[in-house]
Amino acid sequence: TAMPNWGGGNKCGACGRTVYHAEEVQCDGRSFHRCCFLCMVCRKNLDSTTVAIHDAEVYCKSCYGKKYGPKGYGYGQGAGTLNMDRGERLGIKPER
């Protein structure tokens, strides 16, 4: 855990400088300057509805899809849950 940083905000996950509340975007437990919160590939500005995260890297959904395929973080599904357990979670028993 980091020491409290008196007099400033959090550190930007992209540039490492202090982020003040007015310009802060929070994503995945980290803070970014609004102007630093860009897709690592196409540099498009992101927000919480367009971001897709891979490890510590942030992408727009279309670059993420090109790089990692359409499943994963930005689509609300882990790689393994796609068609394995369709019914059991919901309490639906597969027919025998």
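Residues numbered from 1 in each chain as written. Predicted model: local features only at pLDDT ≥ 70, side-chain atom pairs only at ≥ 80, totals over all residues. Heavy atoms only, no water.

Section: unusual backbone geometry
The phi angle of most residues is negative, glycine excepted, and most peptide bonds adopt the trans form. Residue Asp28 is not a glycine yet carries a positive backbone phi of 55°. With respect to the helices and strands, Asp28 occurs in the loop between β3 (24-27) and β4 (30-33). Of note, the phi angle at Arg43 is positive, near 65°, even though the residue is not glycine. Structurally, the position occupied by Arg43 is in the loop between β4 and β5 (51-54). (Helix = DSSP H or I, 4+ residues; strand = E, 2+ residues; numbered from the N terminus.)

Let's talk about the pairing of β5
Relative to strand β6 (residues 57-60), β5 is paired through 4 bridges, and the arrangement is antiparallel. Considered in β6, the bridge of Val51 is made with Cys60. Count of turn residues in the β5/β6 antiparallel hairpin: 2 residues, of which Asp55 carries a positive phi of about 55°. (Pairing = 2+ DSSP bridges.)

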